[in-house]
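Below, each chain spelled out in residue letters.
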Amino acid sequence: MPCWQNVPEAVMRAVLIFLLSAVSPLLAFSPTLNLVNPRGGQRGTEMEVHFYGERLQEISEALFYEPGLALSNIDIKDDKHVVAKFTIAADSALGEHSLRLRSPGGISELRSFWVGQFPTVAETEPNATFDQSQRIELNRTVEGVAGNEDDDYYVCSLKKGQRLSAEVEAMRLGRVFFDAYVAILDPKKFELASCDDTPLLRNDAFASIIAPEDGDYRVLVHEAAYEGNDNCQYRLHIGTFPRPTAVFPTGGKPGETIEFTFIGDPSGPIKQSITLPAAANSRFPVFPIQDGVSAPSPHWVTVSPLESVREVEPNHALKTATPAPAIPFAIHGVLEGETKADWFKFTAKKDQNLVLRVLARSQRSPLDSILSIHQADNKQIADNDDQGSPDSIINWTCPADGDYFIRIRDQLGRTGPDFTYRIEVVEKSPSIAANLPTVERVNSQKWKTFPIPRGNRYAAVVNIARENIACDSVFEAGSLPAGVTLHSPKISRAMTTFPVVFEAAADAPVAGGLYLFSLKSTGDAPPLTGSLVDTIHHVDINNEGPYHSASFDRIATAVTVEAPFKIDIEAPTVPIVKNGTLGLKVRVARNEGYAEKMTIRFLWNPPGISGPNTIDLPGDKSEISYELNANNDAAVGEWQVCVLAEANTPQGPVLVSSSLVPLKVADPYVSMTLDLAATEQGKDTSMLAKIEVLHPFDGPATVELLGLPHGAATAVKTFTKDQTELTFPITVAADATVGKHNGVFCRINVPENGATILHQAAMGGTLRIDAPAPAPVAKADAAPAPPKPADAQAKAEPVKPLSRLEQLRQHTK
């Protein structure tokens, strides 16, 4: 038998970790999903899909944010590769579908899969020249890659008068920064249409033509600057589909059937009746369809109960302004032709608080609006260009009853048939909303799910946004996985962020899904509800911002397998005071044999409270103090706080939180001031501290004088609540640092509940240390000076008054 007593500890630990991982070799925490391939498929079909990432060995399901996709036949190749079958419903919406993978150990990042209407074909090399063009049939989607200095050509046959459209999904695939260029060439190599960026698709491109003659036409795609790489994947739709650039009007009422006009297609305007959904929607997709073929990507309209009016030409001046309905209302128009501005007339009452908002770029119009309000005499009284986006917004209080005028124009004076816009004029109303913060720059995916280990906890921070109201609120879940409880503090009207903790019972089923969360106003505020919405930036470039994003009102939440540790905060028995510090005692309970380092984060700071971003707990420790500081503006009150711990395991990283515990912030119990002290090197002195007790306490408090320079020292002093001053004797060495030292202060420990409350007071106390005056030098063999005559002595200079330093020396003797 082996003698385990003689095995080194490090070897024993390695063996134990191996055995722990071997017990359940498939379980893995925090699966990572890097790529879904192919990037899309045809609706109404089944297809094989490959998932690539890390710790994928026990994927059990996909969480789809939109209906129309189903996952089956999961085949785990290894921990980095999973193959499965996608079933795409025949009525699945065209465009982007978002998904996450879930395993017993957690939830993956969010990735996208694109649904199209055409069969998919793969790019075939070589196709880098006009003569090497890959031949494809019309109404196909090509999946390809734009490499470095790479042209990809595709050829198809057209009849005269036939439409050819090409649209690329490149940046929108969300893998890398990929600015695609698309062009259509005729049989003689002449370029008939080309495109880099478009307002409708932003950094993705499309082109559309009507064939002037029979023949073979080429579609060219490449990275705009020829700086592609193997990650620059694209889906290129080539066919006879309509591809307009805009839609009018850009909104309507819920349930209303509207005849929309799609503008900008090479065949001319396309009119299409569409019934809007019964519920309001700020961004509803409408697809132009002609001859049974749809555009691959939608146009966006607003579904709102507002009464609306369309501009009536001519309305290019104040005197011909189109009348608007009574407030609230919406206006639809197009800034085109020689027109440089459109005008609208509305009636408002004195002291009405109004919001005038343009929806143009947000609905993918090229218009960069400037909005202004005018009086009847044409005097401009308010205007706005941008308000966090190229769309204008004006918050305006009406000065008097009467008629007023709205003018809208483009910032650069541009016009065009696709310069559509919607203007909404409404009274200010209160609203609340919530979102998840981005915790790491250009990584909006981090900590955007709620994975809760069984018998343990997970914590997150939520941001709250209020408009036109200051109210308290509560955070609620519509539902949660079985066995999970949500703990949330009371959210005061002063809070803009707050922590929440999810706790899973020890017997909670390992399962998950997508869940709704919301804020609700409380107290005397009007009843308001706001959803928790999360935004993921798929392509986010440092110092440039996001290029493709997706937002969701459901958060992936799951119960996961047990973590190998738990973490708790010992609830402090004393408050932290303004300008004071407090050490939070953090304890970890580890499974036997688990000895990994942990990174601990104080997840949320009450107003005015700070501390280190993270602290590390060594693998051989189970307790640590997390030191918090309160500034002079710290908000007095009781706050709920927690810590989040991240650690590695043989199966991957895992996150666990403490419960919420109360942290009390109080005003100081004691205030002190320090009198100026001055001395010379080698001469002791003292410093007087004046005490003001602001809150009674029992027992003696201790106080240290800190910030003394080199060579100066004093002892710790004690005082009681009845004292008003004390003196620090200061020893000063002969080599003490000379100068005026302004950083002297007091650290005070006030006893309470068997603990102490640490104060910092008397900031900016001063100790001045001078160098001794040089001794006079005697002259060798000098004759004694003759005595002064009586009259000269009478005229001697008067005695010089004692200096402040000499007075202090005499005072301290």
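Attention in this report is confined to the structure presented alongside it. (Residues numbered from 1 in each chain as written. Predicted model: local features only at pLDDT ≥ 70, side-chain atom pairs only at ≥ 80, totals over all residues. Heavy atoms only, no water.)

Let's shift gears to the overall build of the chain. Check the secondary structure of the chain and you find 3 helices and 68 strands. Since a compact globule built from 813 residues should have a radius of gyration of about 28 Å, the 37 Å found for the chain marks it as more spread out than a globular shape. Overall, the chain is about 130 × 100 × 70 Å in size when its C-alpha atoms are taken along their principal axes. Looking at the chain as a whole, 48% of its 813 residues are labelled buried. Sequence-distant contacts, at least 24 apart, represent 67% of the contacts inside the chain between residues at least 6 apart. In the chain, which carries 74 positive and 98 negative side-chain charges, the distance between the mean positions of the two groups comes to 5 Å. (Helix = DSSP H or I, 4+ residues; strand = E, 2+ residues; numbered from the N terminus. Rg over C-alpha atoms; globule rule 2.2 N^0.38 Å. Buried < 20%, exposed > 50% of the residue type's maximum accessible area, 1.4 Å probe, protein only. Contact = heavy atoms within 4.5 Å. Lys, Arg positive; Asp, Glu negative; His and termini not counted. Charge placed at Lys NZ, Arg CZ, Asp CG, Glu CD.)

Summed over the entire model, instances satisfying the criterion amount to 22 aromatic pairs. Ring plane angle 80° and centroid distance 6.2 Å describe the contact between Phe346 and Trp396, whose orientation is recorded as edge-to-face. Of the two residues, Phe346 is situated in strand β31 (residues 342-348) and Trp396 in strand β35 (residues 393-397); the sequence distance between them amounts to 50 residues. Here Phe346 and Trp396 have matching classes, each one buried. Measuring from centroid to centroid gives 5.6 Å for Phe450 and Phe517, while their planes differ by 80°, and the two rings are edge-to-face. Here Phe450, found in strand β39 (residues 450-453), pairs with Phe517, found in strand β45 (residues 517-521); they are 67 residues apart in sequence, far enough to count as distant. The class for Phe450 is buried, based on a relative accessible area of 0%. Note on Phe517: relative accessible area 2%, which makes it buried. (Phe/Tyr/Trp six-rings, centres within 6.5 Å; stacked < 30°, edge-to-face > 60°.)

Next up on the list: the sheet that holds strand β37 (residues 420-427). One open sheet holds the 5 strands; their spatial order is β28-β30-β37-β32-β35, and the pairing between them is mixed. Taken across any chain shown, the strands that pair with only one partner, and hence form the sheet edges, are β28 (307-310) and β35. Put simply, the sheet's adjacent strands are angled 15° from each other on average, direction ignored. Strand direction decides the pairing type here: strand β32 (residues 353-359) and β35, joined by 5 bridges, are antiparallel. (Pairing = 2+ DSSP bridges. Axes fitted to C-alpha atoms, helices over the stretch in contact; angles between N-to-C directions.)

In terms of residue burial, strand β17 (residues 206-210) counts as a mostly covered element, since 4 of its 5 residues are buried. Here strand β14 (residues 163-169) runs beside β17; their pairing, made up of 5 bridges, is antiparallel. Bridged to Leu164 within β17 is Ile209.

In this structure, Phe475, Ile600, Met672, Phe719 and Ile748 are the most contacted members of the largest nonpolar core, which totals 102 residues. For this core, the leading source of residues is strand β40 (residues 457-467), giving 6 residues. In this structure Ile600 touches Ile567, Val586, Asn613, Thr614, Ile615, Leu617, Ile624, Tyr626, Val643, Leu644 and Ala645, once residues within four positions along its chain are discounted. Formed by 28 residues, the second largest nonpolar core is a distinct cluster that contains Leu158, Cys195, Leu236 and Ile238. (Core = buried A, V, L, I, M, F, W, Y, C linked by side-chain atoms within 4.5 Å.)

Structurally, Gly264 is set in the loop between β22 (257-263) and β23 (270-275). Sequence separation between Gly264 and Thr245 is 19 residues, and the spatial gap between their C-alpha atoms is 4.9 Å. With near-sequence residues (within four places) excluded, Gly264 lies in contact with Arg243, Pro244 and Thr245.

With that settled, the discussion passes to the sheet that holds β17. Ordered by their spatial adjacency, 5 strands build an open sheet running β10-β12-β19-β14-β17, and the pairing between neighbours is mixed. In the strand order of this sheet, the two ends are held by β10 (120-122) and β17, each with one partner. When the angles between neighbouring strand axes are averaged without regard to direction, this sheet yields 20°.

Our next topic: the pattern of salt bridges. Per the counting criterion, the structure on display carries 33 salt bridges. Put simply, Lys253 and Glu307 hold a salt bridge, and the shortest N to O gap is 2.5 Å. On the criterion of sequence distance, the pair formed by Lys253 in the loop between β21 (251-252) and β22 and Glu307 in strand β28 is long-range, its members being 54 residues apart. Ionic contacts of the salt-bridge type, sharing partners, join the residues Glu167, Arg172, Asp204 and Arg243 into one network. (Salt bridge = Lys/Arg side-chain N within 4 Å of Asp/Glu carboxyl O.)

Attention now goes to unusual backbone geometry. Residues apart from glycine generally show negative phi values, whereas peptide bonds are mostly found in trans. Note the cis peptide between Glu125 and Pro126, where omega equals 0°. Its place among the elements puts Pro126 in the loop between β10 and β11 (134-135). Cis geometry marks the peptide bond from Ile327 to Pro328, where omega comes out at 5°. Positioned with a positive phi, Asn139 is a non-glycine residue whose angle comes to about 60°. For Asn139, the position within the fold is in the loop between β11 and β12 (140-145).

Okay, the pairing of strand β6 (residues 81-88) next. Burial within β6 is extensive, with 6 of its 8 residues counted as buried. When strand β3 (residues 46-54) meets β6, the two strands line up antiparallel, connected through 7 bridges. Its bridge partner lying in β6, Tyr52 is registered against His81. Here strand β5 (residues 69-78) runs beside β6; their pairing, made up of 7 bridges, is antiparallel. The residue bridging Ile76 from the neighbouring strand is Val82, located in β6. Where β5 hands over to β6, the hairpin turn is made up of 2 residues, counted between the paired strands.

Here we come to the environment of Pro618. Relative to the helices and strands, Pro618 resides in the loop between β54 (615-617) and β55 (623-630). Taking relative accessible area as the criterion, Pro618 reaches 38% and is therefore assigned partly exposed. In this structure, the C-alpha to C-alpha distance between Pro618 and Met598, residues 20 residues apart in sequence, is 6.7 Å.

Inspection of every chain in the model, using the stated rule, returns 0 disulfides. Cys232 provides the cysteine sulfur closest to Cys195, a residue in no disulfide bond, and the two sulfurs are 17 Å apart. (Disulfide = S-S within 2.5 Å.)

Moving on to the environment of Leu110. Note that Leu110 resides in the loop between β8 (106-107) and β9 (111-116). In sequence terms Leu110 and Thr449 are 339 residues apart; their C-alpha atoms lie 9.7 Å from each other. With residues near it in sequence (within four places) discarded, Leu110 still touches Tyr65, Ser98, Leu99, Arg100, Gln445, Ile536, His538 and Phe552.

Once that is clear, we can look at the side chain of His81. Its place among the elements puts His81 in strand β6. Judged by its relative accessible area of 18%, His81 is buried. Discounting chain neighbours no more than four positions away, the residues touching His81 are His50, Phe51, Tyr52, Leu56 and Ile76.

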